[in-house]
Amino acid sequence: MKKILLILLTLSLSLWANPFATINKVEGVAKVQHPGSIKKSKIKPGETITAGDTLLTYRSAKVVLTMSDKTKIVVNEYAKLELLSANEFAQSGGKVFFKVTKRKSGKGLKVKTPFAIIGVKGTQFVVTDSEKDKSLALNEGLVGVDSPSGKAFALLDKEKLDAAMAGGPKSEMSEFEQYKKELMAEFTEYVKSFDLKPGKKLSFKGQNVTQSSMDDSDGAMFKQFMNDAQFNAISNELEEMGKDMKSKEDPFSDF
């Protein structure tokens, strides 16, 4: 029994000794919950998080973190993001932006949500999980989308549907609705997994998934998230430069 406890303690200490993400910026109230604990502690810039930690954001909160491979993540309000490992996250609630660094090892990052499992090797995307909006928007790169339940998605291409409907009958409502129903069946594909291309977004309603092109509001959203991440990177560089200058001016500053 003592040996088992010692092994568990060693594994636990090894996880804490190898943090894989650093908190760079915190706006509002955000907390972290460590594995095996019911306590939630407020987080501050400079703190590190590791496998098993769960990040929670509250009203009007925003957190920017950087992983060891330079991947940037911006977590908006009302989000719950569990860091399962250096390559795997579980998101439930909120809106989270991922700017994933391309990985030479070939092992991509995976984000699990209640409505989809998203696999990526290097890209920019936003996952939204709220009562009114469950969606995935892809700005750059390519992501794979898998059904978390194993059941096939009913994937509808909205642009193809709209183009076909533009030339359809408009005289009688009943005739139009029947035509629309036939077209929806024609442009719906039943798949358990598929790839999403850049500039596209998905809206989820159970197993029903609608694909469309990103609009101006989506572009503005990505621009804002990129500004959040970039501003944070510049702030970090200035902070490091300040530390270097201070150490040169005062050789005893670290004592």
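Please read these numbers as outputs of a predicted model, since none were measured by experiment. (Residues numbered from 1 in each chain as written. Predicted model: local features only at pLDDT ≥ 70, side-chain atom pairs only at ≥ 80, totals over all residues. Heavy atoms only, no water.)

Colleague: Explain the environment of Gly46 residue by residue, including any values.
Modeller: For Gly46, the position within the fold is in the loop between β3 (40–42) and β4 (48–49). Gly46 sits in the exposed class, given a relative accessible area of 55%. A C-alpha to C-alpha distance of 8.2 Å links Gly46 and Lys25, two positions 21 residues apart in sequence. Those residues within four positions of Gly46 in sequence are excluded, and the remaining contacts are Thr22 and Ile23. (Helix = DSSP H or I, 4+ residues; strand = E, 2+ residues; numbered from the N terminus. Buried < 20%, exposed > 50% of the residue type's maximum accessible area, 1.4 Å probe, protein only. Contact = heavy atoms within 4.5 Å.)

Colleague: Quick one: what's the story with the pattern of salt bridges, residue by residue and with numbers?
Modeller: Scanning the model with the defined rule gives 8 salt bridges in all. Close ionic contact of Glu88 with Lys112 constitutes a salt bridge, the shortest N to O distance being 2.8 Å. Here Glu88, found in strand β9 (residues 88–91), pairs with Lys112, found in strand β11 (residues 109–112); they are 24 residues apart in sequence, far enough to count as distant. For Asp218, the salt bridge is made with Lys201, and the minimal N-O distance between the two is 2.9 Å. Linking Asp218 in helix α4 (residues 216–249) with Lys201 in strand β19 (residues 200–205), this pair joins segments that are 17 residues apart in sequence. Considered together, Asp218 and Lys201 belong to a single accessibility category, that of buried residues. A single network of salt bridges, built from pairs that share partners, joins Lys201, Asp215 and Asp218. (Salt bridge = Lys/Arg side-chain N within 4 Å of Asp/Glu carboxyl O.)

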